[in-house]
Amino acid sequence: MSRDSVRIVGVLLWMCMWVCCYGDGEYLLYKDPKQTVSDRVADLFGRMTLEEKIGQMVQIDRSVATVNIMRDYFIGSVLSGGGSAPLPEASAQNWVDMINEYQKGALVSRLGIPMIYGIDAVHGHNNVYNATIFPHNVGLGASRDPDLVKRIGAATAVEVRATGIPYTFAPCIAVCRDPRWGRCYESYSEDHKVVEDMTDVILGLQGEPPSNYKHGVPFVGGRDKVAACAKHYVGDGGTTRGVNENNTVTDLHGLLSVHMPAYADAVYKGVSTVMVSYSSWNGEKMHANTELITGYLKGTLKFKGFVISDWQGVDKISTPPHTHYTASVRAAIQAGIDMVMVPFNFTEFVNDLTTLVKNNSIPVTRIDDAVRRILLVKFTMGLFENPLADYSFSSELGSQAHRDLAREAVRKSLVLLKNGNKTNPMLPLPRKTSKILVAGTHADNLGYQCGGWTITWQGFSGNKNTRGTTLLSAVKSAVDQSTEVVFRENPDAEFIKSNNFAYAIIAVGEPPYAETAGDSDKLTMLDPGPAIISSTCQAVKCVVVVISGRPLVMEPYVASMDALVAAWLPGTEGQGITDALFGDHGFSGKLPVTWFRNTEQLPMSYGDTHYDPLFAYGSGLETESVASIVARSTSASATNTKPCLYTVLVSATLCLFIFPSLSRLLRR
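Residues numbered from 1 in each chain as written. Predicted model: local features only at pLDDT ≥ 70, side-chain atom pairs only at ≥ 80, totals over all residues. Heavy atoms only, no water.

Undergrad: How do you make sense of the nonpolar core when you look at a structure like this?
TA: One recurring pattern in soluble globular proteins: nonpolar side chains tend to sit buried together. Counting residues in each nonpolar core, the largest one holds 117 residues, and the members touching the most others are Tyr233, Phe349 and Leu353. With residues near it in sequence (within four places) discarded, Leu353 still touches Ile54, Met57, Val329, Ile333, Ile362 and Ile367. (Core = buried A, V, L, I, M, F, W, Y, C linked by side-chain atoms within 4.5 Å. Buried < 20%, exposed > 50% of the residue type's maximum accessible area, 1.4 Å probe, protein only. Contact = heavy atoms within 4.5 Å.)

Undergrad: Hey, could you run me through the pairing of strand E17 (residues 563–566) in this one?
TA: Residues of E17 alternate between two faces, with Ala563 and Val565 on one and Leu564 and Ala566 on the opposite face, all of them buried. Inspection of the sheet shows strand E12 (residues 415–419) paired to E17 by four bridges, in the antiparallel sense. By the bridge assignment for E17, Val415 is matched with Ala566. Note: strand E16 (residues 542–547) against E17, four bridges, orientation parallel. By the bridge assignment for E17, Val546 is matched with Ala566. (Helix = DSSP H or I, 4+ residues; strand = E, 2+ residues; numbered from the N terminus. Pairing = 2+ DSSP bridges.)

Undergrad: Just to check I follow, could you spell out the pattern of salt bridges for this structure?
TA: Counted under the stated rule, the structure contains 34 salt bridges. The partner of Asp579 in a salt bridge is Arg407, with the nearest N and O atoms 2.9 Å apart. On the criterion of sequence distance, the pair formed by Asp579 in helix H22 (residues 575–581) and Arg407 in helix H16 (residues 400–413) is long-range, its members being 172 residues apart. Among the residues examined, Asp579 registers a relative accessible area of 3% and is labelled buried. (Salt bridge = Lys/Arg side-chain N within 4 Å of Asp/Glu carboxyl O.)

Undergrad: How should the sheet that holds strand E5 (residues 229–233) be read in this particular structure?
TA: Strand pairing in a sheet is mediated by backbone hydrogen bonds. Such pairs are either parallel or antiparallel. In space, the three strands of this open sheet follow the order E5-E7-E10, with parallel pairing throughout. With one partner strand each, in any of the chains shown, E5 and strand E10 (306–308) form the two edges of the open sheet. Adjacent strand axes in the sheet meet at a mean angle of 25°, parallel and antiparallel pairs treated alike. Where strand E7 (residues 273–276) lies against E10, three bridges are found, and the strand directions are parallel. Note that in E10 the partner of Met275 across the bridge is Ile308. Packing of helix H11 (residues 261–268) onto the sheet brings it into contact with E5 and E7, and relative to E5 it is tilted by some 155°. (Axes fitted to C-alpha atoms, helices over the stretch in contact; angles between N-to-C directions.)

Undergrad: Explanation requested: the UniProt feature "domain: Glycoside hydrolase family 3 N-terminal" (unreviewed entry) in the protein in the structure shown.
TA: Here, UniProt's "domain: Glycoside hydrolase family 3 N-terminal" (unreviewed entry) annotation points to residues 49–375. The span residues 49–375 shows a helical share of 39% and a strand share of 10%, and its end C-alpha atoms are spaced 14 Å apart. (UniProt positions renumbered as here; feature names shortened; annotations may be inferred.)

Undergrad: What is the right way to read the confidence of the model for the protein from this model?
TA: Low-pLDDT stretches of the model should not have their predicted coordinates read in fine detail. Per-residue pLDDT for the protein averages 93, and the proportion of residues at 70 or more is 91%. Confidence over residues 5–18 falls short of pLDDT 50; this stretch has five contacts with residues more than four positions distant or in other chains. Here residues 642–668 scores under 50 on pLDDT; set against residues more than four positions off or in separate chains, the count is eight contacts. (pLDDT = per-residue confidence, 0-100.)

Undergrad: Help me out: how do you make sense of the packing of helix H13 (residues 325–335) against helix H14 (residues 346–358) in this one?
TA: The packing of two helices is summarised by the inter-axis angle and the distance between the axes. Where H13 contacts H14, the two axes come as close as 10 Å, and the packing angle between them is 70°. Considered as vectors, H13 and H14 are oriented roughly perpendicular to each other. When the axes of H13 and H14 are compared, the crossing they make is right-handed. Seen from H13, the contacting residues are Tyr325, Thr326, Val329, Arg330 and Ile333; seen from H14, they are Glu348, Phe349, Asp352, Leu353 and Leu356. Within the contact of H13 with H14, the residues separate by chemical class into six nonpolar, one polar and three charged. (Parallel < 35°, antiparallel > 145°, perpendicular 65-115°, else oblique. Left-handed = near helix turned anticlockwise from the far one by under 90°. Nonpolar A, V, L, I, M, F, W, Y, C, P; charged D, E, K, R; others polar.)

Undergrad: Please clarify how the state of the cysteines should be interpreted in this entry.
TA: Simply put, disulfide is the name for a covalent bond between the sulfur atoms of two cysteines. Overall, the coordinates contain two disulfides when judged by the stated rule. Note that Cys176 is cross-linked by a disulfide to Cys184, the S-S spacing being 2.0 Å. Taking the sign of the S-S torsion, -105° for the link of Cys176 and Cys184, the bridge is left-handed. Taken individually, Cys176 and Cys184 each receive the classification buried, so the pair is uniform in this respect. (Disulfide = S-S within 2.5 Å.)

Undergrad: How should the side chain of Thr466 be read in this particular structure?
TA: Within the element layout of this structure, Thr466 appears in the loop between helix H17 (446–450) and helix H18 (471–478). Side-chain polar atoms of Thr466 contact the backbone nitrogen of Asn130, separated by 3.0 Å. (Polar contact = N/O pair within 3.5 Å; in protein donor to acceptor, adjacent residues only side chain to side chain.)

Undergrad: I keep staring at helix H12 (residues 290–300) and nothing clicks. Help me out?
TA: In an α-helix, one turn spans 3.6 residues; hence positions three or four apart end up facing the same way. All of the buried residues along H12 are Leu292, Ile293, Leu297 and Lys298. End-on, the buried residues of H12 take up no more than an arc of 135°, which puts them together on one face. Regarding H12, its N-cap is Asn289, as a side-chain oxygen of that residue lies 3.2 Å from the backbone nitrogen of Glu291 further along. (Arc of directions from axis to C-beta.)

Undergrad: Would you mind showing me how to read the environment of Met70 here?
TA: Along the chain, Met70 falls in helix H4 (residues 67–72). By relative accessible area, Met70 is classed as buried at 0%. For the pair formed by Met70 and Lys104, sequence separation is 34 residues and the distance between their alpha carbons is 8.4 Å. Each residue touching Met70, except ones within four places of it in the same chain, is listed here: Ile60, Ala65, Ile75, Val78, Tyr102, Gly105, Ala106 and Met115.

Undergrad: I'm lost on the sheet that holds strand E6 (residues 247–248) in this one. Help?
TA: Read across the open sheet, the three strands follow the order E6-E8-E9; overall the sheet is mixed. What marks the edges here is a single partner per strand, and that holds for E6 and strand E9 (284–285). As defined by bridge partners, strand E8 (residues 280–281) adjoins E9 across two bridges and the pair is classed as antiparallel. What sits directly across from Trp281, in E9, is Glu284.

Undergrad: Hey, could you run me through the packing of aromatic side chains in this one?
TA: Each aromatic ring pair is described using two quantities: the centre-to-centre distance and the angle formed by the ring planes. Following the criterion strictly, the structure yields 14 aromatic pairs and no others. When the centroid spacing of 5.1 Å and the interplanar angle of 75° are considered together, the rings of Tyr213 and Phe219 count as edge-to-face. Taking the relative accessible area as the measure of exposure, Tyr213 reaches 21% and is therefore partly exposed. Ring centres 5.7 Å apart and planes at 40° place the aromatic pair Tyr606 and Tyr617 in the tilted group. Here the residue Tyr606 occupies a position in the loop between H22 and helix H23 (626–638), and Tyr617 occupies one in the loop between H22 and H23, the gap between them amounting to 11 residues. Look at Tyr606 and you get exposed, because its relative accessible area is 55%. The exposure class assigned to Tyr617 is buried, which follows from its relative accessible area of 15%. Aromatic rings pair up to connect Tyr30, Phe379 and Phe384 into one cluster. Directly above the aromatic system of Tyr278 lies the positively charged group of Lys316, at a separation of 4.2 Å from the ring centroid. We note Lys435 situated over the ring of Phe501; from NZ or CZ to the ring centre the distance is 5.8 Å. (Phe/Tyr/Trp six-rings, centres within 6.5 Å; stacked < 30°, edge-to-face > 60°. Lys NZ or Arg CZ within 6 Å of the ring centre and 35° of its normal.)

Shown next as structure tokens:
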């Protein structure tokens, strides 16, 4: 570029900045990126009316958003609920175009405050067709690998940005203390220390703050990063009998020692937002808990980002939901909630909150605190400089590099719970054999493999809703070309006996679910899973792969299995399972939760006095890869190679030339 070109570009940039900062002639400090964030927040805040402030506190679903509504109500945020997309199999460009339209409405409002668009990208960009679907959190907890989740966070962030979205409602940092809870798979572990370690995902999603950055202040480090949301504050994983949105009964010490530590870590690492839990603590709704939201989170932990409600969380303060709505709004805002996921009837919320402020039921200082926090996050993430998305990251959606990372995550999340015996292990499996059987309800079902929160809120069944590799497809790719792979979802005993299979791989588990739909007292595998295990394993050597979001009733069947693998909800990259089954990589995962014997034992966590599990927390057999075994064997034999080298050479010559028939046998 010539010097004249550089000058021209410089002049154009200066002109753009002048137009942005001066508008109709008045210098607008809040639009000047050279100013400090705190000064920009103060300047913009000082220009806002009460109506504009309350508008910033509103988050609506995309289904009710229009350009006019964004402009006229000064809406601060829009979201896609589970499965809410521009159109079926929408591309990254479709998403960008839709979100930019909503943003244009916000930008033509009086002050031009950009809205922030949010989505539940909880195991990859899971709402979006063709995105990489990573293992759910319980599997990542089994990996015990904070660096892995950090890299997953970074990959997820750029895929989310590829669709024009700058905000994800993740991570879930619940501590699941009862597998009967339908959200247990969203928890990394029953051990708060593991959950604390896994908050490194925030550093992947948002970027790593510089060493001199003030802890507790939100941080988002670039256009390929997103604002994160630690959820659900606090105690959601400890409800009685694991009932979703119910009551967590524990004293303050129990709450602070088990459920709170990960939030302290998240705040320390610069998380931008925190979402409040539907659940209660000792009978008090978290959405109305001033002591824990304002007192502990904002006060003790010094969290400076904004606090957001869950979907219709304010409505659920009352029973039945939405009764006494005005009182619920007052309780939630007074407790310290800054942004409300309404998500539909926003005019009622706006009118009620406006009235509550004007009649002094809610002090305007509480509104001011909420809005300052929202603006701080928006300025910090560069939303004022780059409010409109483009297509620059489109190629990142479902990229091969991200799928390779997901495949790594799958194999590191696998937990080997049984493997034959010490003298005769079942795994790794031989690739080259005559014929093998692949069976089970989960062997060829991508939706089951991904679990809930995939494409739709409750997940899906089958292989058509997104792109990925099922376990069956992965097995076919992994074995030798001469090995015949036979798939039968529910084979009968006669079929198995008549085929002379070398071994069987059986995949069973749970159907997809999300939230309350997943609450279960029985925790049994999907039928006919038990029958498949019984009929197959008594007729042929078998390895059982359990695809589930939590431990299931397994004790009655373990004795009949030769090997047992907990694969959790691995996502789209089924090759990660075969990487370990066939020995390309060893098994290394450890149970992140206790595997019970029967449901009458629940709740039961490591350290309990009545602890008598089928497989204890932290269990997991380790194996070496085939390459490591061969290398170790070769290395060990090398020390004895020279004394017998002549003998080896003579023997090889005899085998190759004097005994050709024996040679053919060896080559087999």
